[in-house]
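# Inside the fold
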Amino acid sequence: MYTTELDKSRPVDLQTGEPKDLVDAFEARVAADEFIEPKDWMPEAYRKTLIRQISQHAHSEIIGMYPEGNWITRAPSLQRKAILLAKVQDEGGHGLYLYCAAETLGASRDEMVDALHSGKAKYSTIFNYPTLTWADIGAIGWLVDGAAIMNQVPLQRTSYGPYARAMVRVCKEESFHQRQGYSIMLALAEGTDAQRRMAQDALNRWWWPSLMMFGPPDDASPNTERSMRWRIKRETNDELRQKFVDATVPQAELLGLSIPDPDLTWNETRGAYDFGDIDWSEFYAVVKGEGMCAKERITARKKAWDDGAWVREAADAYEAKKQARNVA
Amino acid sequence: MSKDWPLWEVFIRAKGGLDHKHAGSVHAPDGEMAVNHARDVYTRRMEGVSIWVVKSTDIVSSDPDAAGQMFEPAKDKIYRHPTFYELPDEVKHM
Ligand SMILES: [Fe+2]
Ligand SMILES: [Fe+2]
C-alpha cells in the first residue's frame, strides 16, 4: 500500500556472480524467519528492493501530513485541533523512523529527500486526493490509517530488523489514528442531516482509493513471490484488501453509512465480502503523477523544506563556531 | 559529499531503574540538538525519562562474520548455568 509496487516497471534484477554459499545461507536464514541486520551479508537485490520499499514508505508518511495538515487551522474544536496536530506530528515521526531504517542500508537522507522533491520517488497514491470537508479528516483516519494498519501489522515481522522495529513503533501509534478518525465519523453520523450527508460524501470519495492502497491485484504483481520469500512482504495485496473490506463494512453499518459499491455482498461460503471491480486505470494514472493534488503536495513539501533552510544553516554555523572555539 | 547532518544513535531510559535502550537514530548538527530531536521523535508519549545520544561513527561493533569465534566459546559451557546441577529433591530452594 504505502509502498506496494508503485513503480513495478523497474523490478530490481537479481545480481549475478554473488557467492552461492552466501546467497544460500541468506535464503535459509530468511526462510527460518530470522532477522537480517545492517552489517549482515545480503544480496544486492534485497538491499535495493528494501531501500525502495522503505523510502517509498517514508515519503508516504511525510506527504501524508499534507492532506490532513490542510485542516488543522479549521478543526471544529480546540480538542479536535490538538488531536489532529498530534496525529500529523506522528506521521512526521513515522517518516523519520523509516528514513533511518533505509539509511542503515546505505541510502543517504539527502538523496532520498532529493528524490522526493524532484518527483523521482513515488509515494502512496492516496495522498494525491483532496480533503474537501472536515468529514474527510474522519474518513482518512478511519479508512486510510485503517488500511495502513492492515498493511503494517504483518510488516512487524518483516525480515529486515531495522524495518521491523520501525514498524513496531509505528503500529503502536496507528490505532490512535484510526480511532480518532472513526470518532469524527461517529460525531457526524449522530449529527444533523447535513453532517450525515457530509460523512457519506467523504466515505463515497475515499472508499475506492482506500482499496487501491493495497496495490495491484496479485496476478498483476510480478514481484510478490520473491518479496514474500524474502519476508519483505508477508501477505499478498489481495489478501490484505479482503481483510480490510471484511473489517470495515460492519464499521460503516454501525455508522449508518453505506459503502459505495452496489456489488458488495456477504458471501456465506467464503465467509467474506464479495466486492466490485476496482478501476485500476485511475490507480495507474495517480501513480504516474496525474493525481488531483500531486503538484500541490510536492510544491508544499519543497516550500516547507526551502523555508526551513535558514534554520539548518544557522544550526550549522553555530556548530562550526563551537568547533572553532574548541580548537582555539 | 552528502549535505546530511551527522547521524546520532538514540538510547532511552523508559523509567528510573531501567537501562538506556537503543531506540533509533536522528540527524543533528550537534549533540544538544540531537537530544532535542530525539525527544520529539522518540518520546511523544512519555516513552522516556532520560536520553543518551552517541555519534553513530563513534560506535565500535563486533563483526557479524566473526560471530562464531566471538560467541561460540560460551556455548558448551553449560555448567555456568544453575540448571546444570541436579540436586536431591530434599534441597528445596537453592
Ligand atoms: Fe503513519
Ligand atoms: Fe497514521
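Residues numbered from 1 in each chain as written. Chains lettered and ligands numbered in written order. Predicted model: local features only at pLDDT ≥ 70, side-chain atom pairs only at ≥ 80, totals over all residues. Heavy atoms only, no water.

Now for the pairing of strand E2 (residues 20-27) of chain B. Residues and elements named next belong to chain B. Among the 8 residues of E2, 6 are classified as buried, and the element is accordingly described as predominantly covered. By the bridge criterion, 7 bridges tie strand E1 (residues 7-13) to E2 in an arrangement that is antiparallel. For Ile12, the partnering residue across the bridge sits in E2 and is Lys21. Linking E1 to E2, which pair antiparallel, is a turn of 6 residues; within it Gly17 sits at a positive phi near 95°. (Buried < 20%, exposed > 50% of the residue type's maximum accessible area, 1.4 Å probe, protein only. Helix = DSSP H or I, 4+ residues; strand = E, 2+ residues; numbered from the N terminus. Pairing = 2+ DSSP bridges.)

So, on to the coordination of the iron ion (ligand 2). Residues and elements named next belong to chain A. For the iron ion (ligand 2), the full set of protein donor atoms is Glu91 (OE), Asp145 (OD), Glu174 (OE) and His177 (ND1), and the range of their distances to it is 2.0 to 2.3 Å. The sequence pattern formed by the donor residues of the iron ion (ligand 2) is E-x53-D-x28-E-x2-H. The distance between the iron ion (ligand 2) and the iron ion (ligand 1) is 3.3 Å, with Glu91 acting as a donor to both metals. Of the two residues, Glu91 is situated in helix H4 (residues 78-103) and Asp145 in helix H6 (residues 134-155); the sequence distance between them amounts to 54 residues. Both residues of the pair, Glu91 and Asp145, count as buried. (Donors = N, O, S within 2.8 Å, 3.2 Å for Na, K, Ca; no water.)

Residue and element names in this part refer to chain A. Note that Met167 resides in helix H7 (residues 161-189). Put simply, Met167 and His94 are 73 residues apart on the chain and 8.7 Å apart in space, counted from C-alpha to C-alpha. Excluding residues within four positions of it along the chain, Met167 makes contact with His57, Leu98, Gln152, Leu155 and Gln156. (Contact = heavy atoms within 4.5 Å.)

Attention shifts here to the coordination of the iron ion (ligand 1). Residues and elements named next belong to chain A. Of the protein atoms, only Glu61 (OE), Glu91 (OE), His94 (ND1) and Glu174 (OE) coordinate the iron ion (ligand 1), at distances of 2.1 to 2.5 Å. The coordination sphere of the iron ion (ligand 1) comprises 4 donor atoms, whose angles at the metal cover 83 to 155°; the geometry is irregular. Here the donor residues of the iron ion (ligand 1) share one chain and are spaced in sequence as E-x29-E-x2-H-x79-E. Classification of Glu61 as buried rests on a relative accessible area of 1%. In this structure Glu174 comes out as buried when scored by relative accessible area, which is 1%. (Tetrahedral: all angles 85-135°; square planar, octahedral: opposite > 155°, others 65-115°.)

Residue and element names in this part refer to chain A. On inspection of all chains with the given rule, the structure shows 14 aromatic pairs over all chains. Summarising the aromatic geometry, the rings of Phe26 and Tyr46 are spaced 4.8 Å apart at their centres and angled 70° between planes, so their arrangement reads as edge-to-face. Of the two residues, Phe26 is situated in helix H1 (residues 20-31) and Tyr46 in helix H2 (residues 44-63); the sequence distance between them amounts to 20 residues. Overall, Phe26 belongs to the buried group, its relative accessible area being 2%. Measuring from centroid to centroid gives 5.2 Å for Phe283 and Tyr284, while their planes differ by 80°, and the two rings are edge-to-face. Exposure remark for Tyr284: the relative accessible area of 34% places this residue in the partly exposed category. Through successive ring pairs, a cluster of aromatic residues spans Phe26, Tyr46 and Trp230. Sitting above the plane of the Trp71 ring, Arg74 keeps its charged end 3.9 Å from the centroid. (Phe/Tyr/Trp six-rings, centres within 6.5 Å; stacked < 30°, edge-to-face > 60°. Lys NZ or Arg CZ within 6 Å of the ring centre and 35° of its normal.)

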